[in-house]
Amino acid sequence: MGDKVDVLIKRLDPGLPVPEYAHAGDAGADLVAAVDVELPPGERALVPTGIAIALPDGYAAFIHPRSGLGAKFGVTIVNAPGTVDAGYRGEIKVTLLNTDPRDTVRLSRGDRIAQMVVQRVERAVFHEVTELPGSARGADGFGSTGGYRDIEHSREGA
Ligand SMILES: O=c1ccn([C@H]2C[C@H](O)[C@@H](COP(=O)(O)OP(=O)(O)OP(=O)(O)O)O2)c(=O)[nH]1
Ligand SMILES: [Mg+2]
């Protein structure tokens, strides 16, 4: 196990558990929904988790989707990964999105809906320049290295 960092946590809803890592070595601690949530196809909801935290300076927490919710039901997070700043003392909330075009997804209070990764973060000092140093990639991006030609892509009815 790597370094550990102490994070203060306040339960805003004593009926819910504090976040837990499911296994030793997991990067993300699971967050639960504090309320029942119904997500019709294509809809999103801002879901409270019942917790607030205080991270040390130099850290942030990132709210990532759970792969199982994504793979089984198409549920993801609109602003993934959500960023929780070290100075934020409000309730952590998760912007769930149902990407499934047909099925409504119903989640219950206490269901694990997201995972929180606590990381050390650097603060940049920005130095404005008129010319940036050269690099191997330069301005290439957005598929410049290829690999997309064999991907099938079509629109219904077209
Ligand atoms: O998934 C998220 C993302 C953010 N937050 C909280 C913690 C974060 O510190 C605060 C602000 O987040 P962000 O900076 O991403 O949102 P913003 O739209 O830029 O709001 P603000 O103008 O308050 O910075 O909202 C969450 O609870 N969940
Ligand atoms: Mg912001």
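Keep in mind that what you see is a predicted model, and the values were worked out from it rather than measured. (Residues numbered from 1 in each chain as written. Chains lettered and ligands numbered in written order. Predicted model: local features only at pLDDT ≥ 70, side-chain atom pairs only at ≥ 80, totals over all residues. Heavy atoms only, no water.)

## Some remarks on the overall build of the protein chain
Now for step 1: When helices and strands are counted, the protein chain shows one helix and 11 strands.
Now for step 2: Helices and strands appear in the protein chain in the N-to-C order β-β-β-β-β-β-α-β-β-β-β-β.
Now for step 3: Compactness check: the protein chain gives a C-alpha radius of gyration of 20 Å against a globular reference of 15 Å for 158 residues, more than 25% above the reference.
Now for step 4: Dimensions along the principal axes, computed over C-alpha positions, put the protein chain at roughly 55 × 50 × 30 Å.
Now for step 5: For the protein chain, the share of sequence-separated contacts (at least 6 apart) that also reach a separation of at least 24 residues comes to 71%.
Now for step 6: Of the roughly 11600 Å² of accessible surface on the protein chain, 49% is carried by carbon and sulfur atoms.
Now for step 7: On the protein chain, the mean spot of the 17 positive side-chain charges and the mean spot of the 22 negative ones are 4 Å from each other. (Helix = DSSP H or I, 4+ residues; strand = E, 2+ residues; numbered from the N terminus. Rg over C-alpha atoms; globule rule 2.2 N^0.38 Å. Contact = heavy atoms within 4.5 Å. Areas by Shrake-Rupley, 256 points an atom, 1.4 Å probe, with all protein chains shown as cover. Lys, Arg positive; Asp, Glu negative; His and termini not counted. Charge placed at Lys NZ, Arg CZ, Asp CG, Glu CD.)

## Observations regarding the UniProt feature "domain: dUTPase-like" (unreviewed entry) in the protein chain
Now for step 1: The feature "domain: dUTPase-like" (unreviewed entry), as annotated in UniProt, sits at residues 17-146 in this numbering.
Now for step 2: For residues 17-146, the helix share is 5%, the strand share is 35%, and the end-to-end C-alpha distance is 46 Å. (UniProt positions renumbered as here; feature names shortened; annotations may be inferred.)

## Comments concerning the site of ligand 1
Now for step 1: Taken together, Asn79, Gly82, Thr83, Val84, Asp85, Tyr88, Glu91, Ile92 and Lys93 make up the full set of residues adjacent to ligand 1.
Now for step 2: A distance of 3.2 Å separates an oxygen atom of ligand 1 from a polar side-chain atom of Asn79.
Now for step 3: Isolated, ligand 1 exposes 570 Å² of accessible area, and the fraction of that covered by the protein chains is 48%.
Now for step 4: With three residues, strand E8 (residues 82-84) is the single largest residue contributor to the shell around ligand 1. (Near = heavy atom within 4 Å. Polar contact = N/O pair within 3.5 Å; in protein donor to acceptor, adjacent residues only side chain to side chain.)

## Structural notes on the environment of Glu122
Now for step 1: Within the element layout of this structure, Glu122 appears in the segment after strand E11 (112-120).
Now for step 2: Taking the relative accessible area as the measure of exposure, Glu122 reaches 74% and is therefore exposed.
Now for step 3: Here the alpha-carbon distance between Glu122 and Ala60, two residues 62 residues apart in the chain, equals 9.8 Å. (Buried < 20%, exposed > 50% of the residue type's maximum accessible area, 1.4 Å probe, protein only.)

## Remarks on the UniProt feature "binding site: substrate" (unreviewed entry) in the protein chain
Now for step 1: UniProt annotation of "binding site: substrate" (unreviewed entry) refers to Arg66, Ser67, Gly68, Asn79, Thr83, Val84 and Asp85 when read in the numbering used here. Taken along the chain, the residues just named run across 20 residues; in space they spread out, the farthest C-alpha pair reaching 26.2 Å.
Now for step 2: Within the fold, Thr83 resides in strand E8.
Now for step 3: For Thr83, a relative accessible area of 48% corresponds to the partly exposed category.

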